Structure formats: C-alpha cells, structure tokens
Amino acid sequence: MKRLGLGGAVLLPAGGVLAARKAARAVGLSGGLSSGDVAILKFLAAIEILESDLWQQYNELALGNESYQLALNVLDGDEATYVNLNTRDEFSHAAFINGYLTAKGHQPVSLEPFRNLPSSQATGSNKSAKRLTNLMNLTVDTSFYNRYRSALNPDFGATFPQIVDLVNVPGIPNSDLPLPTDPTFGFMIQLIANTAGFHFASIEQGGASLYQSFLPKANSPEVIKIVGAIGGTEIQHYQTWTDKAGNAPALTDNHGNTVFPQLPSAPALPNPPDGTDNVAPNDTNQIFATPCEFIAPGLPLCSVIRPISTQQGGAVATVAFFKNDGLFIGQGEDFFQFMGELAEAADAAIGEPE
Ligand SMILES: [Fe+2]
Ligand SMILES: [Fe+2]
C-alpha cells in the first residue's frame, strides 16, 4: 500500500480519508503501530524464532530417534506428539508476528546471521543443519515447580528452590544410545528425556510470564489481542509440560548412584472415597497455579501466572533466563548485543494513546 506523507493526508478530501480507513479495516489492519508496540512485537518475533529453533531440534529426535522417543513417552504416551505440536505452534507464532510486522510496514526480525551452532549427530537429527540454540549443556531452572505450588509470588521478592538439580546435562542425545529398557545403560537416554521433560516446562513457563509482562504495555487493541492470544497458548504449553514432567521416573546409573530423584507424588485417593484428598503442596499432581499474593500483599490470594513483572518476567529477564540455562552456549557477543537491544526496547514500551 502506498504510504501517504502528512502533507498528502491533509490534501485528501474527507471522503478519501474515510475510504482509506475502510480499506485498511477490510484487511484487518487499522492504523499505525506505536513504537512500543513495534518493540514488543520485534522482541517476541526473536524469542519465537529461538523457541522454534530449540523445539525443532527436540522434534527431529522425538520423531526420528527410537530410543529418545521411547524414553520421552515414559513421561506420557503422547509426549513425542506433544513435542511435535509445540514445535508447530512456535513456528506459527514466529511467522505470524513477523508477517504482522511486515503487513504494518515494519521490518521482520531475522536471526539468520547467528545460525552457527552444530546439530546433534544422533539418528533422526538433521545432522548438518546449523542452529541458533544449544541443547547439549542445559542447566535447567526447575524452580518453577515449587514456585507454582507456593502462596508466595516472585514479583514480591520470593525465591524458590530447585525440585531437581539438572546441571550441564543434555536435553537431546548427541549419539545413538541404548533403549530405555536396557537393564544396564537404559538410564542414559531416560535421564536425557527426563531433562527434556523439565526443560519443556521451564521454557514455556518463561514464555507465559513474558507475554503476561507485555500485556499492560501493549497499546493498540490488535497488539493486545496478539499478546493475549499467543500468550494464552504459551500457558497451554506450560500447563501440559508441568503435568508430564511430574511423571519423570527416578533413575540410578549402572553403579547404583541416583542420577534423577524420586519426585514427591501424592498417595492414591482413599478407596472407597471418603470426601478427602490427602495431598501435600509439592506433590507432582498439584499442577494448577496455587493461589498466591497478587498485585498487593493483603489482597486475597489468587491463582495466577507468576512472575509477570518486567524485572522478573520481562524481555531482559527472559534473555538472561535462556542464557543461564545454557541455550546460548556458543553464541557470541554480537548475538547478545542484538537480543539485548531488542529486549531493552521491549521492556521500555508503555501503552500510549495513538
Ligand atoms: Fe511461542
Ligand atoms: Fe511456547
């Protein structure tokens, strides 16, 4: 569409302005975007490209590596299929946000200059592909497990311990490993799948918080719609993965050392039922967001996404979170500078009248 300068606009007869507005509405794109909205969308496009990249790596192995698929499916019979669905969703998010930016006259975001990292060499992986993210040395932050089971809110300063320590471990195999049923070495692929199961939830709860942090900053009704509706699917992802992560089995290595702990699972319901549900707060089945402090201490506790503050869940915090979990090992200073600039601009966005 031809852009009109200010001078051109004042020369248009009133009918022409109305016709132009009508035409813009007809394709569902009304008005320009505030600089804050553009900054939010650009950061989200970058994050969705990164998510697409990491999920693509998971998906190649989940669908193409027998040992890995069997180990993932120990967490849920549909785990590999859910990986495939989550991957599809992330590609759609990235393509949509970049497509929307383009339709509104802005440059789409590309991370192609940073696509330099190696691929897994296990069966199923596109071995020669270059990647943006690294799944080989993950230090997964599993504190979301305790956070979402607590009445405290990180936005008020609360911190939460890890439920399981996953330090410098792979989320995908780099070579072909024995089946999880192998009596001696089956633990190896199962530990990788357990790690992946927690990483899925950890990544997606970060995405859920990020989108929520942008909601009060988005300006146009359309951008609010985009942030709200895509953000809702990030919550769906997290909710699914936090349930499945709880099914990760305890593991010992071939010397009998515990390499993955028994998670705290609830006792079976009394049979026959007696009207009670004797669970502990940290049991694996406590997957819905425990009511916690919200907005201000002293208000009634509320079941909500947390954190949602810029400081704890915003763009800069999200880049730091991904960096700390090892996803960007191998990326250089230029990458961190690029992401840092996008993140700071997005965090600084404020809802402003058009
Ligand atoms: Fe996404
Ligand atoms: Fe997601």
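Look above for the structure.
Read on for an overview of the structure. (Residues numbered from 1 in each chain as written. Chains lettered and ligands numbered in written order. Predicted model: local features only at pLDDT ≥ 70, side-chain atom pairs only at ≥ 80, totals over all residues. Heavy atoms only, no water.)

### Describing the environment of Val109
On the secondary structure map, Val109 appears in the loop between helix 5 (79-103) and strand 1 (138-140). Judged by relative accessible area, Val109 falls into the buried class, the value being 9%. The spatial distance from the C-alpha of Val109 to the C-alpha of Lys42 is 6.2 Å, given a sequence separation of 67 residues. Not counting residues within four places of it along the chain, the set of residues in contact with Val109 comprises Lys42, Ala45, Ala46, Ile49, Asn98, Phe338 and Leu342. (Helix = DSSP H or I, 4+ residues; strand = E, 2+ residues; numbered from the N terminus. Buried < 20%, exposed > 50% of the residue type's maximum accessible area, 1.4 Å probe, protein only. Contact = heavy atoms within 4.5 Å.)

### Things to note about helix 10 (residues 315-324)
All of the buried residues in helix 10 are Ala315, Ala317, Thr318, Val319, Phe321 and Phe322. At its buried positions, helix 10 is contacted by helix 3 (35-64), helix 7 (186-214), helix 9 (310-313) and helix 11 (333-347). Backbone geometry just after helix 10 places Gly326 at a positive phi near 95°.

### So, helix 3
In a regular helix each residue adds 1.5 Å, so 30 residues correspond to 44 Å; helix 3 covers 43 Å between its end C-alpha atoms and thus fits that length. Among the 30 residues in helix 3, 25 count as buried, and that is most of the element. (Expected span 1.5 Å × (residues − 1).)

### Observations regarding the pattern of salt bridges
Between side chains of opposite charge, pairing is possible as soon as their charged atoms come close. Considering all chains together, one arrives at 7 salt bridges under this definition. Among the salt bridges present, the one from Asp89 reaches Arg88, with a minimum N-O distance of 3.0 Å. Asp89 gets classed as buried once you look at its relative accessible area, which sits at 15%. Residue class for Arg88 comes out exposed when judged on its relative accessible area of 52%. Note that Glu222 and Lys104 form a salt bridge whose closest N and O atoms lie 3.9 Å from each other. Taken together, the residues span a long stretch of sequence, with Glu222 in helix 8 (residues 221-245) and Lys104 in the loop between helix 5 and strand 1 at a distance of 118 residues. Given a relative accessible area of 10%, Lys104 falls into the buried group. Through salt bridges with shared partners, a single network forms among Asp53, Glu112 and Arg115. (Salt bridge = Lys/Arg side-chain N within 4 Å of Asp/Glu carboxyl O.)

In short, geometric facts, not functional conclusions.
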